[in-house]
Amino acid sequence: MNSLILKVATRFMLPLLLLFSIFLLLRGHNQPGGGFSGGLVGASAFVLYSFAFGAPETRQALGVDPRGLIGAGLLVALGSGLLAFFVGQPFMTGVWGQLDVPGLGELHLGTPLVFDAGVYLVVIGVTLSIILPLVEE
Amino acid sequence: MNLLLVLPLVIPLLTATFSLLAWRRLAIQRKLAVVGTAALLGGGVALLTLVWTRGIVATQLGAWPAPFGITLVADMFSAIMVVLAGVIGLAVAVYSLASMDEPRESFGYYPLLQILLMGVCGAFLTGDFFNLYVWFEVMLMASFVLLALGGEPDQLRGAIKYVTLNLLASALFLAAVGILYGVTGTLNMADLARKLSAVAEPGTMTALAMLFLMAFGIKAAVFPLFFWLPASYHTPPVAVSAVFAGLLTKVGVYALIRVFTLIFVADAGYTHTLILVIAGLTMVTGVLGAAAQHEFRRILSFHIISQIGYMILGLGLAGLTDSPAISTLALAGSVFYIMHHIIVKTNLFLVSGVAQRLGGSFELKELGGLYRADPGLTVLFLIPALSLAGMPPLSGFFAKLSLVQAGLGAEQYVIVAVALVVGLLTLFSMTKIWAEAFWKAAPADSPRQTLSAAEKRNLLLPIGMLAAMTVTIGLAAEPVFALATRAAEQLTDRDAYIRTVLGEPQ
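All values reported here derive from a predicted model rather than from experimental measurement. (Residues numbered from 1 in each chain as written. Chains lettered and ligands numbered in written order. Predicted model: local features only at pLDDT ≥ 70, side-chain atom pairs only at ≥ 80, totals over all residues.)

Asker: Is there a simple way to explain the overall build of chain B in this structure?
Answerer: A tally of helices and strands in chain B yields 21 helices and two strands. In terms of C-alpha radius of gyration, chain B reaches 22 Å, essentially the compact-globule figure of 23 Å for 506 residues. Once the C-alpha set of chain B is aligned to its principal axes, its extents read approximately 75 × 55 × 40 Å. Expressed as a percentage of its 506 residues, the buried residues of chain B come to 61%. Contacts spanning at least 24 positions in sequence make up 80% of the contacts within chain B whose residues lie at least 6 apart. (Helix = DSSP H or I, 4+ residues; strand = E, 2+ residues; numbered from the N terminus. Rg over C-alpha atoms; globule rule 2.2 N^0.38 Å. Buried ≥ 20, exposed ≤ 12 C-beta atoms within 10 Å, placed from the backbone. Contact = placed C-beta atoms within 7 Å.)

As structure tokens, this is what we get:
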């Protein structure tokens, strides 16, 4: 498809959609959202890009093989579950820590967010490794 | 201790993940497959040792207390099954090095194999019904792709039947889980075992038991729900057939034994009689079906079915006797039979692959002269074949012996007679393969192929290893049977399972 409107709009939409997907990922801990929906929105950003510019450019913009994203995401998610063993807890137990950020106050950080980030990567990877070959056909 | 319970899930997942990351580097994927399955076997053995010394172990994932969270439990039965999954995984991974074609390898054969093993181990270790459903699905998803990978017309024909019937089984399973949750408000197996004996009315329980029997029966390929198995198992590459034949139906059998020893034991007169009848019919139809076949892997597929009958025979007997000793003996017979069968059946499928490589076909009439071509392979075929038929001193003899003893003890003489006759007919099928593929002269126009040294090593090493295990189980039947007996004692002692999962009563 060769549409100037789509191309210009996509240039604006891609960063916005990616930002929104990160927002969904971070918000998912206490409110609707999370790694899965965030990942889908992130993937849809690249799908839109592939409609406007084609699959090869999208792969270039993505910078990594979508399958690599699946692998990396699985590693991150699995790692977040295994961390629990270092504090003597069963597999997949949430491990929490506090971080004092000057100006922001205390920040609660935990492995559920890491797990969600893994899911986020897997969802983007799976979606794109299904859709990009279809676009290429 | 927590770690050991999780390792059989984490190791295959990690191996699959690294294989994904090395997508284009097949050499790395091949090495990972062997290392990963060897590690799985090691983890399984460590878990078995732990359970042997300390009794049943359990861990609550995410530290959510049972019955609210997901529990992983390993008793002897689970641990034995995990070890067997490791053995088969390793044998098939090594065998695949020489037998899997490159297109299939480059489309993710190795990661899929690992995911399949993870699903199988998960099903063996979980203590929660919905989680069991999830592991079944993990296993099925991987098996769907493995079955269809390559896209040959035969494969797709088989895959359609396989997928349809297994999805039906999953739907039944899910419906049963839903109703169970509606009736009892819990899905933790130990919690269910505790509540069901007190709460629900017997009619609902029996109906639920039947739903589970249907769902797991399709997965285990018992009479009359086995049609998908001989329609599909002979279509994929041999390595895939072998791992399916060894592990997948056995997950169904495992689930049947778990559910009908732990949860649905109240109305044993009805449910276990039905299981016994099904066992008899499964044995007979399987072995008769095999007699009518003339294709190496189809014969073996029908024999899987008849052997499944033996495995649930022990389960049926255990519920129909008043004597705890005989009940334990029957269950031990079942467990022993599963151990023997998984090794032997996988091995026979692996042998069929080598026969096809040497003789160019799976059709018995096109094969021949393998004895002359490769006497070593012939011995390696005879060991599992005779063991399958129950020849002493191989593993199958002791497996059948213990079941027959239990049958006599439980005074179920008809089923004992059936089991013995089916054993003889099994020998008939194995003789047919022997006479056609190995003994008769090779057909004049048959292509003669030889294997390179590296191929020979990778193909025959796992076959030899499994054959050695068959002989060892036969010669060291006493200690192996001690393992099975301990597993059976834990299966009959429901209170110990419930206590381990839920903690001591307050």
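There's plenty left to go through after this.
Asker: What's the story with the interface of chain A and chain B in this structure? I'm lost.
Answerer: Often, the extent of an interface is quoted as the loss of accessible area on bringing the components together. Taken together, the contacts link 13 residues of chain A with 15 residues of chain B. Grouping the amino acids of the side of chain A that touches chain B by side-chain chemistry returns eight nonpolar, four polar and one charged. (Nonpolar A, V, L, I, M, F, W, Y, C, P; charged D, E, K, R; others polar.)

Asker: So what exactly am I meant to see when it comes to unusual backbone geometry here?
Answerer: Among all residues except glycine, the phi angle is most often negative; among peptide bonds, the trans geometry is most common. A cis amide bond links B:Phe223 to the next residue, B:Pro224, at an omega of -5°. A cis amide bond links B:Pro392 with the next residue in sequence, B:Pro393, at an omega value of 0°. Assignment of secondary structure puts B:Pro393 in the loop between α16 (375–389) and α17 (395–409). Phi is positive for A:Met92, which is not a glycine, with a value near 75°. Here A:Met92 lies in the loop between α4 (66–82) and β1 (96–101). The exposure class assigned to A:Met92 is buried, which follows from the 24 C-beta atoms found within 10 Å. Not every positive phi belongs to a glycine, and B:Ala221 is a case in point at roughly 60°.

Asker: Looking at this model, I keep getting lost on the pairing of β1(A). Mind explaining?
Answerer: The side chains of a regular strand alternate, residue by residue, between the two faces of the sheet. All names here are of chain A. Sparse coverage of β1 is indicated by the burial of zero of its six residues. The sheet contact formed by β1 and strand β2 (residues 105–110) spans six bridges and is antiparallel. Pairing of Gln98 across the sheet is with His108, part of β2. The turn linking β1 back onto β2 is made up of three residues, and Gly103 within it adopts a positive phi angle of 95°. (Pairing = 2+ DSSP bridges.)

Asker: Explanation requested: α17(B) in the structure shown.
Answerer: Residue and element names in this part refer to chain B. Look at α17: 22 Å from first C-alpha to last across 15 residues, which is about the 21 Å you get at 1.5 Å a residue. The set of residues buried in α17 consists of Ser395, Gly396, Phe398, Ala399, Lys400, Ser402, Leu403, Ala406 and Gly407. On its buried side, α17 packs onto α13 (296–319), α14 (324–359), α16, α18 (413–439), α19 (453–475) and α20 (477–492). (Expected span 1.5 Å × (residues − 1).)

Asker: Sorry if this is basic, but what is going on with the nonpolar core here?
Answerer: Looking at soluble globular proteins, one finds that nonpolar side chains tend to be buried together. With 232 residues, the main nonpolar core has B:Ile80, B:Ile312 and B:Val335 as its most contacted residues. With 20 residues, the top contributor of residues to this core is α14(B). (Core = buried A, V, L, I, M, F, W, Y, C linked by C-beta atoms within 7 Å.)

Asker: Any chance you could explain the environment of A:Val87 here in plain terms?
Answerer: Residue and element names in this part refer to chain A. By the element assignment, Val87 lies in the loop between α4 and β1. Residue classification places Val87 among the exposed residues on the basis of 9 C-beta atoms within 10 Å. Placed 81 residues apart in sequence, Val87 and Leu6 show a C-alpha to C-alpha distance of 51 Å.

These figures capture arrangement, not role.
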